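Notes for the structure review
Read off the chains here:
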Amino acid sequence: MNRTAEIVIIGGGISGLATAYNLAAMGMKDVVVLEKSYLMSGSTGRCGAGVRQQWGTEMNCLLAKASCEIFENLNEILDYEGDIEFKQGGYLLMAVTEKEVEQFKKNVALQNSLGIKSVLLSPEEALEIVPDLNIEGILACAFHHKDGHANPFHTMIAYAEAAKRLGVKIYTYTEVTGIMVEGGRIRGVKTNRGDIFTGRVLIAAGAWSREVGAMAGVDIPVRPERHQILVTEPVNHRLGPMIMSFAGNIYCQQEPGGEFIMGYGPAEHETYSITSSWDFLEVMCRKAVRFLPYLRNIRIVRQWSGLYEISPDAQPILGRVEQVEGLYVATGFSGHGFMFGPITGVLMAQCILGLPTTIPIDKLDLARFERGELIFEPSVV
Ligand code: FAD
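The residue count restarts for each chain, going from 1 along the sequence in the order it is written. Totals for whole chains, interfaces and linings use every residue, but because this is a predicted model, local features are given only for residues with pLDDT of at least 70 and side-chain atom pairs only at 80 or more, for both listing and counting. Working from all heavy atoms in the structure, the side-chain values ignore hydrogens and water.

1. Notes on the sheet that holds strand β13 (residues 201–203)
Strand order in the open sheet formed by 6 strands is β9-β3-β2-β13-β20-β19, and the pairing between neighbours is mixed. If you trace the sheet from one side to the other, it starts and ends with β9 (169–171) and β19 (317–320), each paired once. On average, each strand axis in the sheet is inclined to that of its neighbour by 20 degrees, with strand direction left out of account. Direction of pairing for β13 relative to strand β20 (residues 327–331): parallel, over a ladder of 3 bridges. Bridge pairing in β20 links leucine 202 to tyrosine 328. In what follows, residue pairs with any heavy atoms lying within 4.5 Å of each other are defined as contacts. Axes, fitted as lines to C-alpha atoms, cover a helix only where it is in contact. Angles between the N-to-C directions of the axes lie from 0 to 180 degrees. Helix and strand definitions follow DSSP, with helices as H or I runs of at least four residues and strands as E runs of at least two, each counted in order from the N terminus. Relative to strand β2 (residues 7–10), helix α1 (residues 14–25) is tilted by about 155 degrees, and along the sheet it contacts β2, β3 (31–34), β9, β13 and β20. Each pair of strands is called paired provided DSSP finds at least two bridges between the two strands.

2. Quick look at helix α8 (residues 278–291)
To estimate the expected span of a helix, subtract one from its residue number and multiply by 1.5 Å. End to end, α8 covers 21 Å across 14 residues, agreeing with the expected 20 Å (1.5 Å per residue, within 8%). Buried residues in α8 make contact with β5 (91–95), β14 (223–234), β15 (242–245), β16 (250–254), β17 (259–263) and β18 (300–310). One side-chain oxygen at the N-terminal end of α8 lies 3.1 Å from the backbone nitrogen of phenylalanine 280; it belongs to serine 277. Two N or O atoms form a polar contact when they lie within 3.5 Å of each other; inside protein one atom must be a possible hydrogen donor and the other a possible acceptor, and for residues adjacent in sequence the pair counts only when both atoms belong to side chains.

3. Details of the site of the ligand
Here a residue is considered near a molecule or strand provided that any single heavy atom belonging to it is located within 4 Å of it. With respect to spatial proximity, 38 residues lie near the ligand, and among them Ser15, Glu35, Thr44, Glu309 and Met339 are the closest. In the environment of the ligand, an oxygen atom lies 3.0 Å from a nitrogen or oxygen atom belonging to the backbone of isoleucine 14. A distance of 3.2 Å separates an oxygen atom of the ligand from a polar atom in the backbone of alanine 49. Note on areas: Shrake-Rupley with a 1.4 Å probe; residue coverage comes only from the protein chains shown. Isolated, the ligand exposes 1,000 Å² of accessible area, and the fraction of that covered by the protein chains is 98%. Of all the secondary-structure elements, those providing two or more residues to the shell around the ligand are α1, β18 and α9 (337–352). At 4 residues, β18 tops the list of elements feeding residues into the shell around the ligand. Here the term charged refers only to Asp, Glu, Lys and Arg, the term nonpolar to Ala, Val, Leu, Ile, Met, Phe, Trp, Tyr, Cys and Pro, and the term polar to all other amino acids, Gly among them. Across the shell around the ligand, the residue classes tally to 16 nonpolar, 17 polar and 5 charged. Two domains each put at least three residues into the shell around the ligand: domain 1 (4–47 + 153–221 + 312–371) and domain 2 (87–145 + 223–310). Domain extents, as shown, originate in an automatic or database domain assignment.

4. Re the pairing of β15
Residues Met242 and Met244 line one face of β15 and the alternating positions Ile243 and Ser245 line the opposite face, and both faces are buried. Turn length for the β15-β16 hairpin, with the two strands adjacent in sequence and antiparallel, is 4 residues, and the turn residue asparagine 249 shows positive phi of about 60 degrees. When accessible area is computed with a 1.4 Å probe and restricted to protein chains, residues below 20% of their type maximum are described as buried, those above 50% as exposed, and intermediate ones as partly exposed.

5. Some details on the packing of α1 against helix α6 (residues 152–165)
Their axes nearest at 9 Å, the elements α1 and α6 cross at an angle of 35 degrees. Here α1 runs over α6; the crossing is left-handed. Contacts from Ile14, Leu17, Ala18 and Tyr21 in α1 reach Thr155, Met156, Tyr159, Ala160, Ala162 and Ala163 in α6. Tallied by class, residues from the contact of α1 with α6 come to 9 nonpolar, 1 polar and no charged. Crossing chirality is assigned from the near helix's rotation relative to the far helix, an anticlockwise turn below a right angle marking it left-handed and a clockwise turn marking it right-handed.

6. Section: the environment of cysteine 351
Along the chain, cysteine 351 turns up in helix α9. Once the C-alpha coordinates of cysteine 351 and valine 380 are considered, the two residues, 29 residues apart in sequence, prove to be 26 Å apart. If sequence neighbours within four positions are ignored, cysteine 351 has contacts with Gly319, Arg320, Tyr328, Thr357 and Ile361.

7. Observations concerning the nonpolar core
One broad rule of soluble globular proteins: the nonpolar side chains tend to lie buried together. Take the buried Ala, Val, Leu, Ile, Met, Phe, Trp, Tyr and Cys residues and link them wherever side-chain atoms come within 4.5 Å; each set so joined is a nonpolar core. Counting 60 residues, the largest nonpolar core has Ile9 and Leu202 as the members making the most contacts within it. Elements with a contribution of two residues or more to this core: β2, α1, β3, α2 (58–72), α6, β20 and α9. Per-element accounting of this core gives the leading share, 10 residues, to α9. Here leucine 202 is in contact with Ile7, Val8, Ile9, Ile10, Thr19, Tyr328, Val329, Ala330, Met348 and Ile352, once residues within four sequence places are set aside. Residues Met94, Val235, Cys252 and Tyr294 belong to the second largest nonpolar core, which totals 27 residues.

8. Considering the sheet that holds strand β6 (residues 119–121)
Within the open sheet, the 8 strands sit side by side as β6-β7-β5-β15-β16-β17-β14-β18. Their pairing is mixed. At either end of the open sheet lies a strand with only one pairing partner, and these are β6 and β18. When strand polarity is set aside, the average angle formed by the axes of neighbouring strands in this sheet is 20 degrees. Taken together, the 5 bridges between β5 and strand β7 (residues 140–144) define a ladder with antiparallel strand orientation. When the bridges of β7 are listed, leucine 92 appears paired with phenylalanine 143. Sheet strands touched by helix α4 (residues 98–113): β5, β6 and β7. Its angle to β5, the strand with the most contacts, is close to 140 degrees.

Now the structure itself:
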């Protein structure tokens, strides 16, 4: 294992690997990624993999639009022999309260002003996109045809292979147990396989970021929250877009092979446990059948859970950590870090290299919590 590095990236999820790839592609040598388990063992390998540009803040719209454009070309960018299976069937967001309808109107206006061509639809118009949708109780919908979902495993493998080809060293089953700081500067990391000396560390440790930050004496206010998900047997009906309801608390998409994948909030207790529950199955099935009655009696083949890395305003924490020179953070995505992964990689690489970022990320810095400048994003699930 390397004993020195230009940068050590803690976490082998999409944030860490996309940043590693972009750093190497921008010319940085000796990039090391440390992952305490196997690649994708964190949230990335357990997510719903939805990618949407329909957000309620300018920042998230810009991040999502840029990320989506990268997803569209990712097979070519990373020279991947497989296929990340980015399917742009659209996202149909369903409003079930008047408050949501008003919010959707504002969101669509904002999105359109930023070049995202989403539209507001009546429930009847939504039937032209999802003919078997039960529109009872749906007051309006928002739709954007370029949203969709990708295969998280292929996406991660594509990043990891491309990064390795550019010389990035990825060490799995290598847990960071300490971060060496001297005189307010990063000096290295301690791991279960020995020390690595470096002047830069990126914490991309997902739901574990708070405990990793504490190793450098920094409080990263991210907490783990279990979220569950299930997959059905293949179904002949074609759903087309991802469907989602914020107030109804459900998202549901269909895989290229016909399987439905679905999940929902609300917040469960703060926990690192990733067990599954019967309760989830019961509630999830009722929610799904409410909107898509033809799913009644379909068999479930698998369920699992993973951790959202929740920040105090449910928005990403990106950038330099002021207290410790050489320390950077990319975490706190709170349930939407997969879709932001490709642009996170670009922006964090630019930030670490001291380049101007193509999208300003200063408002997403860690210090915003101390300043009391939390961000309000109305469109989180
Ligand atoms: P992770 O993928 O969690 O990677 C962090 C890695 O750090 C882990 O592999 C962990 O083992 C490693 N690590 C931690 N501590 C250490 C240490 N001390 N030393 C070494 N390594 C360490 N997002 C979307 O955009 N769309 C969705 O549809 C979506 N659906 C989701 C559904 C579910 C059920 C869940 C759980 C999440 C969902 N998300 C979704 C959120 C998304 O999965 C995450 O935001 C994203 O994957 C975060 O990626 P990451 O690389 O930052 O973290």
